[in-house]
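# Notes for the structure review
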Amino acid sequence: MSLVVDQDQLFSCSLCVEVLKEPVTLPCGHSYCFGCIEGAWDQEAEEKSLSSCPQCGETFCPRPALRRNHMLAELVEKLRTPDVQRSSVSAAPLYAGPADVACDLCPESRRHKAVMSCLGCEVSYCDTHLQPHYNVPAFKKHKLVPATRAARLHHSMCSRHHKPMEVFCRTDQQFICYLCAMDEHKGHDTVSAAAEMSHRQKQLGTSQQNLQQKIQERKKEVKELREVKETLKSSAEAAVEASEQMFSEMKASVDRRHSQVKDMIRQQEKTAVSQVEDVLRQLEEDIAQLERTHAELDQLSHTDDITHFIQSVQSASSSSGPPVLPSDVVSTLSSFTQLREDVSALRDDLDLVLNTPWTHTESPADVSHPAEPQTREELLQYSCPLSLDKNTVHDNLVLSEENRKVTREKTQHPEHPKRFLLYRQVLCKEALTERCYLEVEWNEGELVYIAVCYDDIDKHERFQSSFAFNSKSWCLRCLGDDCWFTHNGIDTKVTKPTSYTRDVNTNPSLPDYYTYSFTSTRVGVFLDHKAGTLSFYSVGDNTTTLLHTVHTTFTHPLYAGIGLHGPSDYTTLGSLGEDSYGDRNYKTVTHTAEVCKIW
């Protein structure tokens, strides 16, 4: 076995237990600090005349003159340099730190780090003090363990026999010594601690393999999701680019059409204005001519020449009529009006197209939800087949009738992380994500919790695992004449559900010694997950009465749940679509086990 030597210990003074300062060497060969040996000899001189070596005891007479050991001084000086110190610390961190196991034999002021611990001695040793266990025959039989276990040595020794606990009792699941195996654990399933460790290492290996497989599966899922993420991003980017290009083309088409319409209007305007200007010019010329004629006639009215008067009057009356406005000008005015109407209609059509919601891009707030059902017939259209989950049912509950009926009966179910441990509750297996309707029926007098909740509701903690006292569930609690809606521990009093009572004693065909009665209550639950609506109804003979409605936002799929907390009879999940009461022959004895059923 290789030894690790501490350089500080190698070059330390045995008197001050520090690194040598001004080292001097005595004739016997031992070295000390100059001040340390001089001080020791000065103290000796007061008692006796001889000077001696503190280590080997050799005496010197007369007292030798001390001279500096230059070679040793240089080595010590190199040891004090930072590079050498760092090399020493990194190569051999021998001194015990706060987190290390210290050697039990080293001086308290300079305890080295232990490397091995002896179960026989119950002591931890550094390399130096461990050597006898390798060299002395009597120590070679001792069992050595790594010093990291030294802090647990007292746990490795039998407190009764003070022997190493090298045996494991599988019957009692504890470590024992070989004397315990022959005494109080006699006849138990015992193996060596090493064999048990090997066995558990194999189990650990299997668990590690399973975990590794799950890790690989999760990594594969992560990889696939990242690929989906990248595909979504690239697809969205491509859609944005394509939409930008198409909208740019549409804007270009609109601009082009706008320019064409504007040019057409300007051209028609130019032609019509030119025609109107021609007519205006003719009218102005005609007005000038008429004014001249009017002046001539005014002069003619004062003449005495009969022949000239008659000829001039006849000539003035034969002048041409006014110019006529071309029909094109009138049609151009009409075309302008029609063009405005056409452009307005085009704008309205475009607005209609652009403002129509697109089903693949609209937000949930833009979606119009259908009206909530008002009658039981309408509610039954959303009935969903449900079954109770045997992995969630409490130990004091038993399922039957294809897991649609739950009865209070003490039993023992296999351990499962989803099982309710504190409250007599059970969840359905099927998730509710759309519109869904279900009915729950129980005996009058039963305290029943009818709830919907998220799958990650706590199953083990007090209060938090109750349907009524957390933020992950919405619960209707019914007991006798009272009914409450509860969410996150806050109660809201609601109207008692309608009860249906049927006394089978009214049937005269039954013998007198048969005493049957049936008093039950049925509640309907309607969920619109997307709209965030949850409603509870009192269900009668094909009738429903709204008890309470909740409007919220559901962030995850919901699961129906039932809790039995009272002293009475039964509760059931209903099979919807059949007559709830009239055509079914109920013969439930009044004092039966607690039962609930979903229909």
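As shown above, the structure is provided for reference.
Our subject in this report is the structure included herewith. (Residues numbered from 1 in each chain as written. Predicted model: local features only at pLDDT ≥ 70, side-chain atom pairs only at ≥ 80, totals over all residues. Heavy atoms only, no water.)

### What about a nonpolar patch on the surface?
A cluster of nonpolar side chains, contributed by M246, F247, M250, V254, L350, V353 and L354, occupies part of the molecular surface with about 660 Å² of accessible area. When contributions to the nonpolar patch are tallied by element, the ones reaching two or more residues are α9 (193-300) and α11 (327-355). Among the elements that take part in the nonpolar patch, α9 stands out by supplying four residues, more than any other. With respect to the element layout, M246 can be found in helix α9. M246 gets classed as partly exposed once you look at its relative accessible area, which sits at 48%. (Patch = residues over 30% accessible without salt bridge, like charges linked within 9 Å, V, L, I, M, F, W, Y side chains within 5 Å. Areas by Shrake-Rupley, 256 points an atom, 1.4 Å probe, with all protein chains shown as cover. Salt bridge = Lys/Arg side-chain N within 4 Å of Asp/Glu carboxyl O. Helix = DSSP H or I, 4+ residues; strand = E, 2+ residues; numbered from the N terminus. Buried < 20%, exposed > 50% of the residue type's maximum accessible area, 1.4 Å probe, protein only.)

### Let's talk about α9
End to end, α9 covers 154 Å across 108 residues, agreeing with the expected 160 Å (1.5 Å per residue, within 8%). Taken together, the buried positions of α9 are occupied by A193, E196, G205, V261, A272, Q275, V279, D286, T293 and L300. (Expected span 1.5 Å × (residues − 1).)

### Quick look at unusual backbone geometry
Looking along the chain, the bond that leaves C61 and enters P62 is cis, with omega of 0 degrees. Note that P62 resides in the loop between β4 (59-60) and α3 (70-80). The phi dihedral of E22 falls on the positive side, at around 50 degrees, and the residue is not glycine. If you trace the backbone, E22 turns up in the loop between α1 (7-10) and β1 (23-25).

### Focus: the environment of T271
Topologically, T271 is positioned in helix α9. For the pair T271 and T332, spaced 61 residues apart in sequence, the C-alpha separation works out to 9.1 Å.

### A short note on the pattern of salt bridges
Counted by the stated rule, this structure contains 19 salt bridges. Between E401 and K405 there is a salt bridge, with its nearest N and O atoms 3.6 Å apart. Of the residues examined, E401 reaches a relative accessible area of 36% and is grouped as partly exposed. The class of K405 is partly exposed, set by a relative accessible area of 22%. With a closest N to O distance of 3.7 Å, D482 and K493 form a salt bridge.

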